[in-house]
Amino acid sequence: MASSVISQLVDAMTLCSQPAERQVRTTIDPPMAPEEAMKLLKDGNRRFVNGCPWGSKTKEAARQQLVEDGQAPHTAIIGCADSRAPLETIFDTMPGDIFVLRNAGNTCTHAEGSMIGSLEFCAEKLGSRLILVLGHTKCGAIYGATRSYLDSLAQPGKKEAAGCALEGLLQDLGSVAQEAAQEMGPGASSDEVAAHAVKVNVFHTMNFLLRFSESIREMVKTGQVQIQGGIYHLETGSVEFLGQSPLQKELLDSSMAIPPSMVTEEERGLHGVRTGADERVPSDLALSMLKKGNERFAAGAPTAGKTSDAMRKALVKHNQAPHSAILGCADSRVPVDTVFDATPGELFVLRNAGNTCTHAEGSIVGSLEFCTGKLGSKLILVLGHTQCGAIAGATATHQAGATNAPGCALEGLLQGLAVVAKDASEQLCPGASQQELVAHAVKVNVFRSMEFLLKFSEPLRELVRKGELDIQGGIYHLETGRVEFLGQSPRQAELLSSDLSLPPSMALGAIRTSQDGIVAPKLALQTLKEGNERFVVGAPAAGKVHRSMCEALATKGQAPHTAIVGCADSRCPLETLFDALPGDLFVLRNAGNTCTHAEGSILGSLEFCTGALNTQLIFVLGHTNCGAIKGATAAYFAAKKQPTKANNALDVLLKGLDTVVAQAVAEAGDKATEEEVAGLAVKLNVFHTMNFLMQHSEPIREKVSRGKLEIHGGVYDLKSGRVEFLGCSPSQSKLVAGKSTVAPSLKDKMHGA
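Our subject in this report is the structure included herewith. Since this is a predicted model, take the numbers as computed values, not measurements. (Residues numbered from 1 in each chain as written. Predicted model: local features only at pLDDT ≥ 70, side-chain atom pairs only at ≥ 80, totals over all residues. Heavy atoms only, no water.)

What follows concerns the overall build of the protein chain. Along the protein chain, the regular secondary structure elements total 33 helices and 15 strands. Its C-alpha atoms give the protein chain a radius of gyration of 38 Å, clearly above 27 Å, the size a compact globule of 753 residues would have. Structurally, the protein chain occupies a C-alpha span of about 130 × 75 × 55 Å along its principal axes. Taking all 753 residues of the protein chain together, 48% fall into the buried category. Partitioning the intrachain contacts of the protein chain with sequence separation of at least 6 by distance along the chain shows that 76% fall at a separation of at least 24. Summed over all atoms, the accessible surface of the protein chain reaches about 35800 Å², with 53% contributed by carbon and sulfur. Looking at the protein chain, you have 71 positive and 80 negative side-chain charges, and the mean spots of the two groups are 5 Å apart. (Helix = DSSP H or I, 4+ residues; strand = E, 2+ residues; numbered from the N terminus. Rg over C-alpha atoms; globule rule 2.2 N^0.38 Å. Buried < 20%, exposed > 50% of the residue type's maximum accessible area, 1.4 Å probe, protein only. Contact = heavy atoms within 4.5 Å. Areas by Shrake-Rupley, 256 points an atom, 1.4 Å probe, with all protein chains shown as cover. Lys, Arg positive; Asp, Glu negative; His and termini not counted. Charge placed at Lys NZ, Arg CZ, Asp CG, Glu CD.)

Our next topic: the packing of helix α16 (residues 361-373) against helix α19 (residues 434-456). Where α16 contacts α19, the two axes come as close as 11 Å, and the packing angle between them is 75°. Between α16 and α19, the interaxial angle falls into the category roughly perpendicular. Contacts from E361, I364, V365 and L368 in α16 reach F452, L453 and F456 in α19. A per-class count over the contact of α16 with α19 returns six nonpolar, no polar and one charged. (Axes fitted to C-alpha atoms, helices over the stretch in contact; angles between N-to-C directions. Parallel < 35°, antiparallel > 145°, perpendicular 65-115°, else oblique. Nonpolar A, V, L, I, M, F, W, Y, C, P; charged D, E, K, R; others polar.)

Counted under the stated rule, the structure contains zero disulfides. Between C122, a cysteine without a disulfide, and C108, which holds the nearest cysteine sulfur, the sulfur-to-sulfur distance is 14 Å. Unpaired in this structure, C609 has its nearest cysteine sulfur neighbour in C595, at a distance of 14 Å. Its relative accessible area of 0% is what places C609 among the buried residues. (Disulfide = S-S within 2.5 Å.)

Take the sheet that holds strand β5 (residues 239-243) next. Pairing in this open sheet of five strands is mixed, and the strands run β2-β1-β3-β4-β5 from one edge to the other. The two strands at the open ends of the sheet, each matched to only one other strand, are β2 (98-103) and β5. Ignoring strand direction, the axes of neighbouring strands in this sheet form an average angle of 25°. For strand β1 (residues 75-80) and strand β3 (residues 130-136), the ladder comprises four bridges, and the chain directions are parallel. Of the residues in β3, the one forming a bridge with A76 is I131. Along the sheet face, helix α5 (residues 112-124) touches β1, β2 and β3 and points at about 175° away from the line of β2. (Pairing = 2+ DSSP bridges.)

Moving on, we get to the sheet that holds strand β14 (residues 710-716). On the basis of which strands lie adjacent, the open sheet formed by five strands has the order β12-β11-β13-β14-β15 and mixed pairing. Taken across any chain shown, the strands that pair with only one partner, and hence form the sheet edges, are β12 (585-590) and β15 (723-727). This sheet shows a mean twist of 25° between the axes of neighbouring strands, independent of strand direction. Sheet analysis places strand β11 (residues 562-567) next to strand β13 (residues 617-623), joined by four bridges and oriented parallel. Bridge pairing links V565 to V620 in β13. Sheet strands touched by helix α23 (residues 521-536): β11, β12, β13, β14 and β15. Its angle to β13, the strand with the most contacts, is close to 35°.

Here we take up the pattern of salt bridges. Applying the stated criterion across every chain yields a total of 26 salt bridges. For the salt bridge of R491 with E494, the shortest nitrogen-to-oxygen distance reads 2.8 Å. The exposure class of E494 is partly exposed, given its relative accessible area of 47%. In this structure, E551 engages R547 in a salt bridge whose closest nitrogen and oxygen atoms are separated by 3.2 Å. (Salt bridge = Lys/Arg side-chain N within 4 Å of Asp/Glu carboxyl O.)

Written out as structure tokens, the structure reads:
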């Protein structure tokens with residue numbers, strides 16, 4: 001115990017032992033590390049508290065030294081103007097030691113450029129490596145702001161404009177009081193909230209420096225400068241050191257180069273707003289402008305301000321030249337221009353529920369082609385947002401499995417967006433919550449809209465290929481006010497090879513005739529898939545057939561992109577389930593989508609279609625619960641028990657499918673039920689028909705071997721409305737390499753010829 005007391009006495013004597021003469025810091029002295037500067041501040045404050053300051057008495061020689069050699073303060077301090085908190089005295093410093101900035105409330109509010117510019121000068125030019133933001137207890141500015149904020153809560157509808165500069169200062173410090181009140185909870189008194197607000201305000205100022213000074217951020221990142229906080233306690237004279245901001249790591253990623261109030265009208269355009277008189281903005285700079293604008297909005301320091309009469313006249317006279325086009329949601333909580341702190345003329349904004357191209361394809365794509373082509377915008381941003389009602393509704397629609405025709409436009413929109421929810425659910429693990437599913441669907445939907453633009457607009461694709469346009473995505477977080485920028489679509493490189501030039505709803509408005517070009521198999525197959533997807537989600541685009549379309553087909557002839565062999569079942573209307581127009585599909589149908597007992601008709605028709613009409617895709621389509629296949633399966637099992645004779649054409653038809661059923665039985669195994677066998681036989685029958693075409697038609701086989709024709713198969717699910725695309729036959733390579741033979745029923749007729 002005695003040794004401890006002695007040790008404390010020794011420390012106190014050492015601390016208070018004044019040197020013979022205090023030296024002043026000048027540029028001759030080397031830069032001081034932040035840790036060493038902090039130690040000097042702490043030691044000086046301890047001397048002040050213990051009542052044994054060394055004082056700041058200087059001789060003429062020291063003052064002359066400061067003049068001749070210049071200053072080199074070890075620390076820059078932002079403190080309060082309060083007369084009870086004289087910084088040089090509190091830290092027992094000499095002239096030249098600390099670079100001091102003071103105002104009421106030790107804040108950057110209403111003094112942004114002055115504070116940050118001064119600190120950048122001190123750190124860069126004078127070499128100071130420590131910045132200290134110092135608040136103090138019983139701060140009049142903070143207590144006044146707290147009272148103003150709490151009074152406003154008591155009178156929620158009453159908000160008056162500031163009547164003087166002081167009122168303006170207190171109102172703008174209200175955000176600090178609000179944050180403090182939220183952290184303290186509803187039971188805290190006004191004094192308790194104000195006391196905590198002092199600390200909140202210190203961090204608020206530190207964060208402001210990091211958020212709005214690129215120079216200071218860079219020096220902090222490299223370890224050249226430290227930013228620390230502290231609170232001076234009037235009651236004791238001691239300084240409580242708070243350390244670095246808890247948000248420092250996050251704020252070091254800020255993209256803001258200067259404080260909001262220093263953004264001049266000239267930076268927004270020659271006339272204070274962007275007009276056609278301004279140069280076009282490169283996509284990377286446009287993206288940076290969006291990020292900075294959103295940062296200002298989120299930080300509560302927007303600069304867009306008022307639009308003067310001169311600005312409006314300039315927009316009329318010189319026309320528009322927006323730096324970005326934005327496809328956003330119509331949600332009232334996401335005012336796009338406000339979110340990016342933009343003035344009129346900066347953003348070309350398209351909005352609808354769900355920020356989607358669904359049901360607005362031509363309008364959205366055409367508008368963006370105009371903006372990027374005529375107005376010269378080089379950035380398109382597709383912006384979704386959290387808690388999106390349209391996406392949440394579409395997710396519920398998907399989970400409910402709704403397949404009925406929409407009863408109103410809203411239901412149609414939600415059904416059209418249901419594919420987004422489907423993709424999101426497939427990408428997440430099965431145990432994902434509803435909230436997680438909706439959140440992921442928002443992101444999926446952003447990329448889907450971006451991909452739609454690339455897929456269906458050649459002008460946009462060409463600009464992207466040439467590097468004259470960038471298409472990016474983002475999600476606005478309602479909770480924070482910040483935009484999460486997602487970058488480009490992962491599929492961009494793939495989609496740039498698309499050869500589609502119109503959205504589906506616009507392309508389907510034109511009837512295919514013989515004057516149209518040949519459709520490649522890959523594109524024809526993709527058209528089938530997209531048409532079936534529209535049918536499934538209840539958003540068909542084929543529409544009405546006008547008289548002019550019929551006349552075009554009659555006078556110019558047909559040019560179907562696909563020939564389909566399908567079942568005659570009334571539940572499988574092929575043009576409907578592929579959302580096709582007259583002239584799109586060359587359709588052959590019979591019970592069981594088979595060539596059995598229709599060999600000549602099927603083969604001859606397909607040879608005509610692929611030869612005379614130049615169709616390059618044949619698609620064989622079966623369907624679930626096929627009556628012909630189920631009947632053939634039942635007959636097969638019955639015949640195994642008791643052989644019977646065919647008494648009519650139907651019996652003969654079912655008997656002709658025996659080969660398919662036998663293969664299904666062999667593959668399914670002995671334990672398979674009749675229903676399971678029939679289900680497998682549907683798929684095998686599709687391949688059987690595909691193989692038959694290559695086995696018994698030399699023109700078809702030869703075209704497949706030369707890559708001039710593709711034969712694909714699929715199974716239509718009656719329950720879901722979706723087509724399962726099976727691809728080519730597993731036997732295709734073998735069959736194409738061989739020789740075709742005449743179909744059994746045609747042998748006599750062809751030999752006779």
